[in-house]
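So the chains spell out like this:
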Amino acid sequence: MKASFLLAAALLLSLPLAANAATPQQQRMADCSAKNKGLKGDAYKSAQSTCLSSHAAAPATPTTPQERMKKCNADAATKKLTGDARKTFMSSCLRAS
């Protein structure tokens, strides 16, 4: 009895957990949240709403590194980010793209 319980526990632990996999909606939320980092209150809510509603209609992420850099630079300029905030935003934007 004890051996079968331990075997079952070991098998359960070795299986990948479905809860760790992000759904497409969770991924969109994470992408938009990273894009809108630094905004607060109503500005954040509005930007999130716009991002999430346009995310499905937007074309696939830019394919070349130059296109991703151009998009992230434009987003950072729109948000008027500078210094460490810009570096952090660019890093997360380029990873998400």
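Bear in mind the structure is a predicted one, so any value in this text is a computation, not a measurement. (Residues numbered from 1 in each chain as written. Predicted model: local features only at pLDDT ≥ 70, side-chain atom pairs only at ≥ 80, totals over all residues. Heavy atoms only, no water.)

J.: So what's going on with the overall build of the chain? Which residues, and what values?
T.: For the chain, the count of helices and strands is 5 helices and 0 strands. When the elements of the chain are put in sequence order from the N terminus, they spell out α-α-α-α-α. The buried share of the chain, taken over its 97 residues, is 15%. Within the chain, residue pairs in contact and separated by at least 24 positions form 38% of the contacts whose partners lie at least 6 positions apart. Element-wise, carbon and sulfur atoms account for 65% of the exposed surface of the chain, whose accessible area totals about 7,400 Å². (Helix = DSSP H or I, 4+ residues; strand = E, 2+ residues; numbered from the N terminus. Buried < 20%, exposed > 50% of the residue type's maximum accessible area, 1.4 Å probe, protein only. Contact = heavy atoms within 4.5 Å. Areas by Shrake-Rupley, 256 points an atom, 1.4 Å probe, with all protein chains shown as cover.)

J.: Summarise the packing of helix H4 (residues 65-78) against helix H5 (residues 83-96); cite the residues concerned and give the values.
T.: Packing of H4 against H5 brings their axes to within 10 Å, and their N-to-C directions diverge by 140 degrees. Taken together, H4 and H5 sit at an angle that is classed as oblique. Crossing geometry of H4 relative to H5 is assigned as right-handed. Of the residues in H5, those touching H4 at Arg-68, Met-69, Cys-72, Asn-73, Asp-75, Ala-76 and Ala-77 are Arg-86, Phe-89, Met-90, Cys-93 and Leu-94. (Axes fitted to C-alpha atoms, helices over the stretch in contact; angles between N-to-C directions. Parallel < 35°, antiparallel > 145°, perpendicular 65-115°, else oblique. Left-handed = near helix turned anticlockwise from the far one by under 90°.)

J.: Go over unusual backbone geometry, please, and point to the residues and values.
T.: Leaving glycine out, the prevailing phi sign among residues is negative, and the prevailing peptide bond configuration is trans. In this structure, Lys-80 takes a positive phi of about 55 degrees despite not being glycine. Structurally, the position occupied by Lys-80 is in the loop between H4 and H5.

J.: Give me the pattern of salt bridges: which residues, what numbers.
T.: Counted by the stated rule, this structure contains 1 salt bridge. Put simply, Asp-75 and Lys-71 hold a salt bridge, and the shortest N to O gap is 3.0 Å. Taken as a pair, Asp-75 and Lys-71 lie in helix H4 at a separation of 4 residues, close to a single helical turn. By relative accessible area, Lys-71 is classed as partly exposed at 34%. (Salt bridge = Lys/Arg side-chain N within 4 Å of Asp/Glu carboxyl O.)

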